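# Observations on chain architecture
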Amino acid sequence: MDGAAFRRMILSAAASIEIHKQQINELNVFPVPDGDTGTNMSMTIQTACADLRKLDNPTLTAAADATSSAMLRGARGNSGVILSLLFRGFAKALKGKTEGNGADLAAALNAGVDAAYKAVMKPAEGTILTVSRISGKVAAVEAEANYEVDHVLECALSAAKTALAETVHQNPVLEKAGVVDAGGMGFCVILEGMLSSLRGEDVIAPEPGQEAPREQASFSEFATEDITFAYCTEFIISREGDKDPETLRTFLSDLGDSLVLVDDDEIIKVHVHTNNPGKAIEEALTYGSLMTVKIENMRLQHTEKVLSEQELTPKIAPPEKKYGVVAVCAGDGLASAFRDLGADGIIQGGQTMNPSTEDILREIQRTPSEVVFVFPNNKNIIMAAEQAAPLCPEKEVVVIPSKTIPQGITALLSFDPEADTEVNTAAMTDALATVTTMQITYAARDSEFDGFQIRQGDYLALYGSSLFGTDRNIEKLLGDLAIQVAQEGKEFVTIFYGQDIEPKKAKKAASIFTKRCPNAEVNLLSGGQPVYYYLIAAE
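Residues numbered from 1 in each chain as written. Predicted model: local features only at pLDDT ≥ 70, side-chain atom pairs only at ≥ 80, totals over all residues. Heavy atoms only, no water.

## Structural notes on the sheet that holds strand E9 (residues 436–442)
Rules: Strand pairing is assigned whenever DSSP detects at least two bridges linking the two strands. The secondary structure listing takes helices from DSSP runs of H or I that are at least 4 residues long and strands from runs of E that are at least 2 residues long, numbered from the N terminus. The axes used here are C-alpha line fits, helices contributing only the stretch in contact, and every angle between their N-to-C directions lies in the interval 0 to 180 degrees. Whether two residues touch is decided by their heavy atoms; if any such pair falls within 4.5 Å, the residues are in contact.
Overall, mixed pairing links the six strands, which are arranged E13-E12-E9-E16-E14-E15 in an open sheet. The sheet terminates laterally at strand E13 (466–471) and strand E15 (521–526), the two strands that pair on one side only. Strand-to-strand twist across the sheet, computed as the mean angle between neighbouring axes with direction ignored, equals 15°. Where E9 meets strand E16 (residues 534–538), five bridges bridge the pair, whose relative direction is antiparallel. Each bridged residue has a counterpart across the sheet, and for Ile 440 the counterpart in E16 is Tyr 534. Here helix H16 (residues 405–413) sits on the sheet in contact with E9, strand E14 (492–497) and E16, set at roughly 45° to E16.

## Quick notes on the packing of aromatic side chains
As a reminder, the rule being used: Pairing of aromatic rings covers Phe, Tyr and Trp, the last through its six-membered ring, and needs centres within 6.5 Å; plane angles under 30 degrees mean stacked, over 60 mean edge-to-face, and all others mean tilted. By definition here, charges over rings are those cases where NZ of Lys or CZ of Arg is within 6 Å of the ring centre and within 35 degrees of the ring normal.
Tallied over the full model, the rule gives eight aromatic pairs. Connected via pairs of aromatic rings, a cluster forms that spans Phe 6, Phe 87 and Phe 90. Over the ring of Tyr 287 we find Lys 243, and its NZ or CZ is 4.4 Å from the ring centre.

## A closer look at the packing of helix H6 (residues 128–145) against helix H7 (residues 149–170)
How two helices pack is summed up by the angle between their axes together with the distance between the axes. Using the following cut-off: Here a crossing is taken to be left-handed if its near helix is turned anticlockwise relative to the far helix by less than a right angle, and right-handed if that turn runs clockwise. Just so you know the grouping, Ala, Val, Leu, Ile, Met, Phe, Trp, Tyr, Cys and Pro go in nonpolar, Asp, Glu, Lys and Arg go in charged, and all remaining residues, Gly too, go in polar.
Contact geometry of H6 with H7 gives a least axis separation of 8 Å together with a crossing angle of 145°. When you trace H6 past H7, the crossing you get is right-handed. Taken together, the residues of H7 that come into contact with H6 (itself represented by Thr 130, Val 131, Ile 134, Ser 135, Val 138, Ala 139, Glu 142 and Ala 143) are His 151, Val 152, Cys 155, Ala 156, Ala 159, Ala 160, Ala 163, Leu 164, Thr 167 and Gln 170. In the contact of H6 with H7, the residues fall into twelve nonpolar, five polar and one charged.

## Thoughts on the pattern of salt bridges
As a reminder of what qualifies: Each salt bridge in this description consists of a side-chain nitrogen of Lys or Arg and a carboxyl oxygen of Asp or Glu lying within 4 Å of one another. Relative accessibility under 20% of the residue-type maximum defines a buried residue, over 50% an exposed one, and the middle range a partly exposed one, all with a 1.4 Å probe and only protein chains included.
In total, this model carries 19 salt bridges according to the counting rule given. Arg 133 is the salt-bridge partner of Glu 125, the closest N and O atoms lying 3.2 Å from each other. Close ionic contact of Lys 490 with Glu 488 constitutes a salt bridge, the shortest N to O distance being 4.0 Å. For Lys 490, a relative accessible area of 18% corresponds to the buried category. With relative accessibility at 36%, the residue Glu 488 sits in the partly exposed group. Sharing partners across several salt bridges, the network here consists of Arg 76, Asp 359 and Arg 362.

## Focus: helix H17 (residues 421–431)
Worth spelling out the cut-off: Note that the arc is defined by the directions from the helix axis to the C-beta atoms. Within 3.5 Å is the distance limit for a polar contact, defined as a pair of N or O atoms, with the added protein rule that one can donate a hydrogen and the other accept it, and that residues adjacent in sequence qualify only through two side-chain atoms.
Along H17, the positions that sit buried rather than exposed are Thr 421, Asn 424, Met 428 and Ala 431. All buried residues of H17 lie within an arc of 100° about the axis, which places them on one face of the element. Turned more than 90 degrees from where H17 packs its buried face, Glu 422 and Asp 430 sit exposed. Where H17 is buried, its residues contact strand E5 (321–329), strand E7 (369–375), strand E8 (396–399) and H16. For H17, the capping residue at the N-terminal end is Asp 420, with a side-chain oxygen 3.3 Å from the backbone nitrogen of Glu 422.

This is the structure we're talking about:
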């Protein structure tokens, strides 16, 4: 196994997991639309492929180092971080080698397992950690008798598959759902791809019918002057007369493009790109009073994006203050809430869109402070944030392990700019346990779990980390959650409604909690979050 062979093995493994990522995603215990494991592992290893393709005749050490470095920065979600740690072991064990045999491969597998176990605070059985550990142990034994690389890898894969089959019995949650561990399956798929390559049968991902969409658009591919309408204009007006909104639609269509107009009995909501935002608002005022407005110069934004893309090296913002805050969230309303509480940087992310370690690192570097507190606000982003921390030695980075948006907001409310770092860290970490998070989303597929018969499209309610209920009527779930909140004697309830919920329906949700929780103060805010119709905090 030399550098060229190792590169082919990684490319083959990446193609293999790309082919099977949806199958891995569907092993999620809860059928919520966050099928991250397969997607995150695929995106993580794909970052290594991009760097490996740039290398010309790499040595084994160079190929392993490039794989490790790229996957560390590109790691997404817990599964992606653990995968990057497993391959960090490869780089460590293969350091200085021009080629390797089966014993070297076994040592690399076990070095990766050691790195992964050290990074996980409370390793649980029945996960990718279990599968990789057993695989590495068998590989080490087999290498003593036969150090052919393909023999050792074949034995490692066989052991991994056996261990994977046992995960369903090792983890109570997996046993209830009757599925194996998704991360463990991803690890097996990767080993399969590597073994196929060693045997001259490299796995090739099927060619798409057209060019695959970029993970992020390249803004430098078109010129700023090519933007026809400069201002992205959004506003909401109250309906105070009998004028037909379709007349407003016709007027705005002539004034610009990208028009979206939504109306109900109480409001008219408008989004339009135009060179004359004043005319748009002036005409809209003939229909009612202006409630909210946002105007952004897209040409200016485009220029800033292009300049950002052209930066070849990251810039570390010099400290202008002692403390800074970076938070992960999705939705304009949630971003505003964190900014109002003092967040310097917002990383767009959450369920279905886990930011990479490099995404988090970049925002840390931009924060002009000596100490940066990072709020992941999602259990699947915590490890990526923790991996980003040591990559910015110029700043002291502290990850507050918030698993939900309400936890992050509650913790940030406990921040004291006059206190020292240790006191703030302890106070904000302790605050995480004081808030209960409820979430309502939809079922991405049919499922049966913990006594619930779930059909695709059902509304799902989560209470804390547990499945609370499922129904075709979202108001029924809201009512049941409100009863639970009242029974637990909560005093403060904050409801963030998502981008797919109209204000009128959101007010109805708030009224349900107000009625059933008479002793609680209920607040309603627009979160604008995707995927989750409601995020509800109770304290």
